[in-house]
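Chain residues, written in single-letter form:
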Amino acid sequence: MEGLWMTNPVKQGLRHLVRHETLWTAPLVYLLFGSLVRWAVALHPYSGQNTPPQYGDYEAQRHWMELTINLPTKDWYTHDLTWWGLDYPPLTAFHSRLCGSIGSMIDSSWFELYSSRGLESMGSKLFMRSAVFVSEMIIYIPAVLVFCQVQYGSKDIFQKHIGAILIIMQPALLLIDHGHFQFNSVMLGLTLWAINAFLTGYYVWGAIFFCLSLGFKQMALYYSPAVFAYLLAQCFKNKQGLILFCKLGITVLVTFGILFSPWLGSLDSILQVIHRVFPVARGLFEDKVASVWCTLNIFIKIRQLLSLEAAVKMSLVATLLAVVPVSIQLYLRPSPYRFLYALVNSSLAFFLLSFQVHEKSILLPALPVTLLVLEDPVAVRLFINTAMFSMFPLLKREGLEIPYVATTLLWNYLLGDYPKSTLSTLRNTINVVYAGFIGWHFIDLTVAPPEKLPDLFVVLNAAMSFTGLGLVTPLGVGVNHAWQNLLKSQCGIVSLSNTPGFESLPVRIGACVPQGPKEQGQFTASEWLDKGDDRVMAKFTQFAIAAARQALEDAEWKPNDESEKERTVRVILFFFFIIISIMKCKIVN
């Protein structure tokens, strides 16, 4: 078990329970520990705390409870949109109504129409924090435990417990929901229930849960290409696939019909709900986000050059180019692990390339990434740490610096050290990335940005979270070649009718990486890999290494000898101790 290291503290704790014949208490122990950490984070500020007139996400969630318990459903998406108008799908509204109804039974003043706006009493804050905690415990946490039982229950006795605690303690979701304040765990929990159902063959139940996830937050669409491809494969590759196809279609229609039923009586009403849920008028990106467009905007002023309609089309085409090839591959060769990796690809492509992305949207790719923590711990560690770094400007605005440091370090500690087989080159590469993060934090703590560029450090954070670019795509190998072909409206999908090995397949089209010399934007393994590696590596691994090498070149990290690599490690340690010292001084003062 490569991912379960001897130095992993969770495994050591589980062995202690085994020696005392109390392993059955493990779920109780880590659920109590996770609850303690969540409430410790909840003691810190939330979005918009004491910042009138509009406050922040906390007030938005509280106001939706006020709105839904005091007004008829037909007014939920039209009433006073200037004050945190409802802009999430109906299941969020119904959930808000349930929470508001329970809260009003305790103290009706918390959700009185109009007069409760901006309310921040101690009792109401405790109730709101409790609503997030209970929602997570009812929906998300059981889904995590079931996933770990399904995936690892029949394997090593420790795996399901290690996986569960690492997923439960994932710091990004923990900080956004219990610190910043949102209910993302409900959407992600419903998605995870759908994944559990798909992996165990309960496709209709999975469709219901995924529709509910979409009905809670529209961002669950990030997963839809992978879900669609996986279910389509089950429908057309099984003997009773047509029956399953009909069942799934009816299930989707009925589920969405029930969710939207209060507004189906009027075309204007349903259009207003859709308009509120998909606010295209806000623009390509609203905040400084670690996406392709925000990063490119540093050099090419996309917002000024493109109209709103052109920006929508550009982001749509780019997103489809990123998700379609993997979706086709998943359809042709469906498997549980390909499904999980396709979820990562789909959600990450939407985060990096789609329209109107927020910093918090990184939580969507973070879910399937975290589910793979025991399969690919090195990559998952890097992704989660980068995700945390990308959210720091948001967390800093809310005063969540200390929970940010504490939860990130705690999760890395629980994950343990690198596996012994991790290549030194890979370690050094990752350490350089972390050195950049730590260096940015040091500058952010000690240096004020120029008056003319107040968002300088935030933009740098977005660009650094994006790091370097490397592309191996059907449109070409290399950023320049792929981008130029995209601008020329070239299509990477080709016919495979005359390609050996595809004659018997029902679908004979595909998105193939062009083969040929590197300088022409094509792929030849010997130009990217060490001699002989192409004979022992799968093709997708070869593509990944080529893309990674391009990204390193794009990031301009080129240590040439061992001394430079050792110097990088010393820089990491130097900045680490400086930041810890500064944080200690802040705590003391």
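All values reported here derive from a predicted model rather than from experimental measurement.

Peer 1: So what's going on with the packing of helix 2 (residues 26–42) against helix 7 (residues 171–181)? Which residues, and what values?
Peer 2: Running from N to C, helix 2 and helix 7 cross one another at 50 degrees; their axes reach a closest spacing of 8 Å. As judged from the angle between their axes, helix 2 and helix 7 are oblique. The handedness of the crossing between helix 2 and helix 7 comes out as right-handed. Listed contacts from helix 7 to V37, R38, V41 and A42 of helix 2 are L174, L175, H178 and G179. Of the residues contributing to the contact of helix 2 with helix 7, the split by class is 5 nonpolar, 2 polar and 1 charged.

Peer 1: Residues and numbers for the packing of aromatic side chains, please.
Peer 2: Applying the stated criterion across every chain, the model contains 21 aromatic pairs. In this structure an aromatic cluster arises from ring pairing among Y46, Y58, F181 and F183. Above the plane of the ring of Y331 lies K237, whose end atom (NZ or CZ) is 5.3 Å from the centre.

Peer 1: Residue-level account of a nonpolar patch on the surface, with values.
Peer 2: Where nonpolar side chains cluster on the molecular surface, the patch consists of L221, L267, L271, I274 and F278 and spans about 460 Å² of accessible area. Here L271 shows up in helix 12 (residues 267–277). Residue classification places L271 among the partly exposed residues on the basis of a relative accessible area of 45%.

Peer 1: An account of the pattern of salt bridges is requested, with residue identities and associated values reported.
Peer 2: Scanning all chains against the criterion turns up 6 salt bridges. One salt bridge connects D75 with K74, and the closest N-O pair in it is separated by 3.4 Å. Since its relative accessible area comes to 21%, D75 is described here as partly exposed. A salt bridge links R117 to D80, with the shortest nitrogen-to-oxygen separation between them at 2.6 Å. Of this pair, R117 sits in the loop between helix 4 (90–106) and helix 5 (122–152) while D80 sits in the loop between helix 3 (57–70) and helix 4, placing them 37 residues apart in sequence. Assessed through its relative accessible area of 27%, D80 is described here as partly exposed.

Peer 1: Can you tell me about the packing of helix 4 against helix 5, naming the residues and giving the values?
Peer 2: At a closest axis distance of 11 Å, the pairing of helix 4 and helix 5 adopts a crossing angle of 135 degrees. Judged by the inter-axis angle, helix 4 sits oblique to helix 5. As helix 4 runs across helix 5, the sense of the crossing is right-handed. Across from H95, C99, I102, G103 and I106 in helix 4, the residues of helix 5 making contact are F127, A131 and S135. Residue classes in the contact of helix 4 with helix 5 are distributed as 5 nonpolar, 3 polar and no charged.

Peer 1: Before we move on, can you summarise unusual backbone geometry with the specific residues and values?
Peer 2: Looking along the chain, the bond that leaves P52 and enters P53 is cis, with omega of 10 degrees. Within the element layout of this structure, P53 appears in the loop between helix 2 and helix 3. Its identity is not glycine, yet E21 carries a phi of approximately 55 degrees, on the positive side. Summarising the element assignment, E21 is placed in the loop between helix 1 (9–19) and helix 2.

Peer 1: Give a description of the confidence of the model for the protein that names residues and reports values.
Peer 2: When the pLDDT values of the protein are averaged, the result is 82; 81% of them are 70 or greater. In the predicted structure, residues 1–5 sits below a pLDDT of 50 and forms 20 contacts with residues beyond four places in sequence or in another chain.

Peer 1: Lay out the UniProt feature "transmembrane region" (unreviewed entry) in the protein with the relevant residues and their values.
Peer 2: Following the UniProt record, one finds the feature "transmembrane region" (unreviewed entry) at residues 23–41, 126–152, 158–176, 188–208, 243–264, 314–332, 339–358 and 456–477. Secondary structure content for residues 158–176 is 84% helix and 0% strand, while the C-alpha to C-alpha distance between its ends is 29 Å. Its end C-alpha atoms 14 Å apart, residues 188–208 is made of 86% helix and 0% strand.

Peer 1: Tell me about the nonpolar core, residues and numbers included.
Peer 2: L166 and F339 are the most contacted members of the largest nonpolar core, which has 124 residues in total. No other element matches helix 5, which puts 12 residues into this core. Apart from residues no more than four positions distant in its own chain, L166 is found in contact with T370, V373, L374, W411, L414 and L415. Of all hydrophobic cores here, the second largest spans 10 residues; its members include V513, A525, W528 and F543.

Peer 1: I'd like a description of helix 16 (residues 336–353), backed by residues and values.
Peer 2: Here helix 16 spans 26 Å end to end across 18 residues, near enough to the 26 Å set by a 1.5 Å rise per residue. For helix 16, every residue scored as buried is listed here: F339, L340, A342, L343, V344, S346, S347, A349, F350, F351 and L353.

Cut-offs applied
Residues numbered from 1 in each chain as written. Predicted model: local features only at pLDDT ≥ 70, side-chain atom pairs only at ≥ 80, totals over all residues. Heavy atoms only, no water. Axes fitted to C-alpha atoms, helices over the stretch in contact; angles between N-to-C directions. Helix = DSSP H or I, 4+ residues; strand = E, 2+ residues; numbered from the N terminus. Parallel < 35°, antiparallel > 145°, perpendicular 65-115°, else oblique. Left-handed = near helix turned anticlockwise from the far one by under 90°. Contact = heavy atoms within 4.5 Å. Nonpolar A, V, L, I, M, F, W, Y, C, P; charged D, E, K, R; others polar. Phe/Tyr/Trp six-rings, centres within 6.5 Å; stacked < 30°, edge-to-face > 60°. Lys NZ or Arg CZ within 6 Å of the ring centre and 35° of its normal. Patch = residues over 30% accessible without salt bridge, like charges linked within 9 Å, V, L, I, M, F, W, Y side chains within 5 Å. Areas by Shrake-Rupley, 256 points an atom, 1.4 Å probe, with all protein chains shown as cover. Salt bridge = Lys/Arg side-chain N within 4 Å of Asp/Glu carboxyl O. Buried < 20%, exposed > 50% of the residue type's maximum accessible area, 1.4 Å probe, protein only. pLDDT = per-residue confidence, 0-100. UniProt positions renumbered as here; feature names shortened; annotations may be inferred. Core = buried A, V, L, I, M, F, W, Y, C linked by side-chain atoms within 4.5 Å. Expected span 1.5 Å × (residues − 1).

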